[in-house]
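Chain by chain, the residues:
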Amino acid sequence: MLFGVLKREMKRKKTMNIIILLFVVLATMFVASGVNNVITVMNGTDYYLDKANVGDYVIITTSDDKDGSLQRMLETESAVKGYRMERVIYAAHKNISDKDGNELDCKNTLILQSIDESAINFFDKDNNKIESIEKGHIYVAGSFMKKNDLNEGDVIRINHSGVEMTFILDGMAKDALLGSDFMGNTRIILNDEDMEQLRENEMIYNEYQGRICYVDTDDVRAVATAVNQVSNVTFADGRSLIKMCYVMELIVAFIMLILSVCLIIVAVVVLKFSITFTISEEFREIGVMKAIGITNRKIRRLYITKYMLLSVIGAGIGFVGSIPFGNMLLKSVSENMVLGNDSALLINILSVPLVIGIIILFAYLCTAKIKKMSPIDAIRSGQTGERYKKKTVCRIGNSGRMGTAFFMGLNDILSSPRRFVTIIISFCICTLFVLIMVNTTATMKSDKLIYTFGTKSDLYVMDVSDAMEQMGSNTKEGMKQSLDEKADELAGLGMPAEFKAEIQYKYQAFFEGNGFTFTCQQGLNMQMSDYLFTEGVPPQNKYEIAITPQISELTGAKIGDVITINFGEETIECMVTAYFENMNSLGKTVRLHEDAPTDFKYISTILPYQIDFTDNPSEEEVELRKERIKEFYDSEEIMNAAEYCEYCVAVADTMVSVQFLLLAITLIVVLMVTMLMERTFITNEKSQIAILKAIGFKNSVIIKWQVCRFGMVALAAGILAACLSIPMTEICITPIFGMMGATNIDYKIEPLNIFLLYPGIVFAVTVAVAWITAAICTRTIKSSDTANIE
Amino acid sequence: MAALLEVKDLCKTYVINKRQNNVLKNVNFEVEDGEMVAIMGPSGSGKSTLLYTVSGMDEATSGQVCFDGQDITGLGANELAKLRLDEMGFIFQQMYMMKNLTILDNIVLPAMESKKTDESKKAKTLRGEELMRKLGIIEVADNDINEVSGGQLQRACICRSMINKPKILFADEPTGALNRTASNEVMDELVKLNEEGTTIIMVTHDAKVAAKCSRVMYIVDGNIKGEYVPIKDDSLQEKDRERQLNNWLMDLGW
């Protein structure tokens, strides 16, 4: 008999059951892909670095180890358990062009390497290992292809030191070491024969060869100290730093992860609401069953069986949907990485019983009330007479100019706040996430982060290849002169300006007996007053330095401590006088005073030229000058401070796509929650709607009443989310920037977007869905139904 | 006296599972202004359908319903809603009210929605209170609907039906869910309202209730089988009037 009741129950409340089923599907999809995301993200970079066989420590040199210092260190240092070495050729962006001879845009130095000599594994866009490359073919980084709008099959020309070669692009290569936006170099992988052809050139052989060495060790610190003996090191750091370089990719993954968790919460909250609501709706049936002598256990079993059936079907569908959904969520993250976990399918499968369990638990808890109630209680829908509680809050007489529909909506919310708080929380969580993303993206696209990349200037000239080429032979004075000449050129064009540049050097340093290799930054034509320091006093002379909190943590040095720096010709004991934040080299930098005895022999890289106009032009004028300078240098890569920040952060565009994906998911959730709740309310209020119609209320007023409630709820959620978005952005995003070296972030808040546009979109969708649902559902309720309502 | 409600050849047919069910078959009657008419008949005879169709809550299949000289069968949903809001009052067996409003707010709700007068909200509220006072339920004005008895709630429904000063009041078994005492109280109020000039059409199963009306129509299988007009004799006791009506009903097969 109970089976018959169950069958009718499923049929009679078809729409409600379908909506609950949809939520079970949604919850399973989010649980499965969310948990998968957690594991994938947590182990993401390690998984990738292991798969690529990157090792524990990486050393990059700009020479072919002619003095043998690298080889010597590797062989003598006991901490080195094993190593793999690859020979590379360095090139600049002017050495690479498309089939028409147009120079291709690449970030920093190009690295050419043979696939056969490669010590690590590279992967294609489908995450398959690249085993071999045909002669005359190449693979490049995905970001390089995207930036230059290149496609598979395109022709790429390399013209290096007189060697001209033409290649066919076979596709993108995922490069675990250099593929992240923070490492910044572009690696081109080619056939061994092609590589040999390049090496045959004497100039390339002598001047442009370098090495990349992957070291296996259990003692990274010992290897780092030993690297001090190796000459021409341009990069030397442990796996932790390489992992950190993927922080931007991980930001997106973490956001997806948090989103998944939030969506699980929303799905579960809504599910609990639906179950509780449905069971409370059925008190009368429960009362009748009790009255005719059916035991509590059997009644509970009936409802639990119903939800178990729904959950099994829903979880099954959700499991199938979770696989493509999870892949979609990770797709934007995995553009530059090989993400995944070997137990992904198992996790997806395990999430199915988890969701079924949660739903059965809710059903069990929600049906517990059945046990406590007498048949009459149940028939009276839980109102026994002793538990009367005043619900109404507003008085229509005091409602001022408020319309009846609006008044009824407001009164409903205030009378049953718990019911509406559930919806407000759900909407708020979703909207909040979109707003956090909006704040983060806006900050990344603004000049708010500029001081974490250097100093603020009017314009930044990205192409420093002229200086890089002369790096070996040039001197600090020579470069200073070159900067002054550039300034004179601009003055000649009617744009009086100062040309500045920030140079990074690699120097050995010692503190409390430990040796380190530091990236030291020194400005040319810059004063210490141009920089921003978070604590302490800016260095006043060459005996004083500023360090980042990351360096402080690494070395243990604090303000007032003395670090010995070996500048080559001179070794100076430098006192730490200040802390500063820097996202270059993930915060592991030292700032030197302009008088520090730096030498171009130890140069690591030259950051973009900075132009500061001396005649205080307006922002519009700066933009006009930017265009003129672009023409003058025949380069597109002249940027203002905001553009430069966006370029450095690199992931801003991905963040924008994630932001829109989040918005789309939010709107889908809002749509489903609104539809479910609205329908539930209307089912519950059928008698009230019928009576309103009977006494002469137009259908439009009834729809307005229903819509007003959801409108107010969406408005409250929007306002709450907008207000919370600022502190929540700081709480959620600052630690992520902190990993990159910046903790004092002044977020760019765009009030129009935060308080109007995005909450407005959520509000508009809510109102539209509420309107459509109310119009459809109330249309079928007639005034004459007052005779038929139970 | 002019006919406030004129029903001509009214038919109502429901089609359920391709089966045609003629609930009302060429019903004709008139209700004059100030009358109090009871519609009686066995279950399923079409009493409530007749009430809902003549009040514009349900659509007639054919025929004409003229209210106050206006044919309402051709009116659209919004025009009918306005007519019901401003000119008609309704009382049902189940005392449906808005769950989240107080008794007083439920009563004044139709007045707030109506644009019949340009009275202020305060004046409308005062009118609601006055009606409650008249019906003896002013003490429950600020109560929630689950804080009052069935009799009080039905009297509140009468107040609500009267708030817009309707020309006619339709009542579908207004005492059906009440005990005898509450039923008497409600009927007394309806009689008082009728005496004050409100036209009332009421569906009832209760001869005791119908006996208070100025006319009784007996409907069987969608046809008015007979009409009973009590003899106007002030010397007759209520019980006598009931007995006479019962006799008439029994003659018709009640």
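Residues numbered from 1 in each chain as written. Chains lettered and ligands numbered in written order. Predicted model: local features only at pLDDT ≥ 70, side-chain atom pairs only at ≥ 80, totals over all residues.

**Regarding the overall build of chain B**
Working step 1: Within chain B, the regular secondary structure consists of eight helices and 10 strands.
Working step 2: The C-alpha radius of gyration of chain B comes to 18 Å, within 12% of the 18 Å expected for a compact globule of 254 residues.
Working step 3: By its C-alpha atoms, chain B is 50 × 45 × 40 Å across when sized along the principal axes.
Working step 4: For chain B, with 254 residues in total, the buried portion stands at 51%.
Working step 5: Summarising the internal contacts of chain B: among those between residues at least 6 apart in sequence, 71% fall at separations of at least 24. (Helix = DSSP H or I, 4+ residues; strand = E, 2+ residues; numbered from the N terminus. Rg over C-alpha atoms; globule rule 2.2 N^0.38 Å. Buried ≥ 20, exposed ≤ 12 C-beta atoms within 10 Å, placed from the backbone. Contact = placed C-beta atoms within 7 Å.)

**Some remarks on the overall build of chain A**
Working step 1: Across its full length, chain A carries 26 helices and 20 strands.
Working step 2: Burial analysis of chain A (790 residues in total) assigns 48% to the buried set.

**Looking at the confidence of the model for chain B**
Detailed reading of the predicted model is not advised wherever pLDDT is low.
Residue and element names in this part refer to chain B.
Working step 1: Within chain B, residue pLDDT values average 88, and 99% of them lie at 70 or more.
Working step 2: In the model of chain B, helix α6 (residues 180–195) stands out as the element of lowest mean pLDDT, 85, in contrast to strand β4 (residues 62–67), which has the highest, 94.
Working step 3: Predicted as a complex, the structure gets a pTM of 0.75 and an ipTM equal to 0.84. (pLDDT = per-residue confidence, 0-100.)

**Re helix α3 (residues 44–52) of chain A**
Residue and element names in this part refer to chain A.
Working step 1: Within α3, burial applies to Gly44, Thr45, Tyr48, Leu49 and Ala52. Buried residues of α3, seen end-on, are gathered within an arc of 120° and therefore sit on one face of the element.
Working step 2: Looking one or two places after α3, you find Asn53, whose phi comes out positive at around 65°. (Arc of directions from axis to C-beta.)

**Considerations on the domain arrangement of chain A**
Residue and element names in this part refer to chain A.
Working step 1: Along its sequence, chain A is carved into domain 1 (1–58 + 232–383), domain 2 (63–218), domain 3 (396–447 + 649–790) and domain 4 (451–639).
Working step 2: Distance between the C-alpha centres of domain 3 and domain 4: 49 Å.
Working step 3: Tallying the contact residues gives six residues for domain 3 and 10 residues for domain 4.
Working step 4: Among the residues making up the side of domain 3 that touches domain 4, the classes are represented as two nonpolar, three polar and one charged. (Domains from an automatic or database assignment. Nonpolar A, V, L, I, M, F, W, Y, C, P; charged D, E, K, R; others polar.)

**A few points about the interface of chain A and chain B**
Working step 1: Chain A puts 29 residues into the contact, and the matching count from chain B is 33 residues.
Working step 2: Among the elements of the structure, α16 (404–415), α24 (686–694) and α25 (699–740) of chain A are those that each provide at least two residues to the side of chain A that touches chain B.
Working step 3: With five residues, the top contributor of residues to the side of chain A that touches chain B is α16(A).
Working step 4: Considered class by class, the residues forming the side of chain A that touches chain B number 10 nonpolar, 14 polar and five charged.

**What to know about the nonpolar core**
Working step 1: Ranked by size, the top nonpolar core spans 309 residues in total, and within it A:Ile59 and B:Ile39 carry the most contacts.
Working step 2: With 16 residues, the top contributor of residues to this core is helix α17 (residues 417–444) of chain A.
Working step 3: Beyond its immediate chain neighbours, meaning those up to four positions away, B:Ile39 contacts B:Lys47, B:Leu50, B:Leu51, B:Ile201, B:Met202, B:Val203, B:Met217 and B:Ile219. (Core = buried A, V, L, I, M, F, W, Y, C linked by C-beta atoms within 7 Å.)

**Some remarks on the environment of A:Glu535**
Residues and elements named next belong to chain A.
Working step 1: Inspection of the secondary structure puts Glu535 in strand β14 (residues 535–536).
Working step 2: Separated by 43 residues in the primary sequence, Glu535 and Ala578 have C-alpha atoms spaced 5.5 Å apart.
Working step 3: In contact with Glu535, not counting residues within four places along its chain, are Ile559, Ala578 and Tyr579.

**Focus on the sheet that holds strand β10 (residues 223–228) of chain B**
All names here are of chain B.
Working step 1: With mixed pairing, the six strands of this open sheet are ordered in space as β6-β7-β8-β3-β9-β10. Of all strands in the sheet, those bounded by a partner on one side alone are β6 (88–91) and β10. Taken over all neighbouring pairs, the strand axes of this sheet differ in orientation by 20° on average, direction set aside.
Working step 2: When strand β3 (residues 36–40) meets strand β8 (residues 199–203), the two strands line up parallel, connected through four bridges. Residue pairing across strands places Met36 opposite Ile200, the latter belonging to β8.
Working step 3: Docked against the sheet, α6 engages β3, β7 (168–172) and β8, running at close to 150° with respect to β8. (Pairing = 2+ DSSP bridges. Axes fitted to C-alpha atoms, helices over the stretch in contact; angles between N-to-C directions.)

**Some details on the sheet that holds β4(B)**
Residues and elements named next belong to chain B.
Working step 1: Spatially, four strands are ordered β2-β1-β4-β5 in an open sheet, and the strand pairing comes out antiparallel. Edge positions in the open sheet fall to β2 (19–32) and β5 (70–71), since each of these has one partner strand only.
Working step 2: Sheet topology places strand β1 (residues 3–16) next to β4; five bridges connect them, and they run antiparallel. Each bridged residue has a counterpart across the sheet, and for Lys8 the counterpart in β4 is Gln64.

**A look at the pairing of strand β8 (residues 186–190) of chain A**
All names here are of chain A.
Working step 1: The buried count for β8 comes to five of five residues, which makes it a mostly enclosed element.
Working step 2: Burial of β8 is two-sided: the residues Thr186, Ile188 and Leu190 facing one way and the residues Arg187 and Ile189 facing the other way are all buried.
Working step 3: Pairing between strand β4 (residues 110–114) and β8: five bridges, direction parallel. When the sheet's bridge partners are listed, Leu110 is paired in β8 with Thr186.

**Things to note about the packing of α25(A) against helix α26 (residues 751–779) of chain A**
Residue and element names in this part refer to chain A.
Working step 1: At a minimum axis separation of 8 Å, α25 and α26 run at an interaxial angle of 155°. Considering their axes alone, α25 and α26 lie roughly antiparallel with respect to each other. The handedness of the crossing between α25 and α26 is right-handed.
Working step 2: Considering only residue class, the contact of α25 with α26 consists of 18 nonpolar, seven polar and one charged. (Parallel < 35°, antiparallel > 145°, perpendicular 65-115°, else oblique. Left-handed = near helix turned anticlockwise from the far one by under 90°.)

**Notes on unusual backbone geometry**
Working step 1: Non-glycine residue A:Asn232 carries a positive phi angle of around 55°.
Working step 2: Looking at A:Asn232, the number of C-beta atoms within 10 Å reads 19, which means it is partly exposed.
Working step 3: Despite not being glycine, B:Asp68 has its phi angle at roughly 55°, a positive value.

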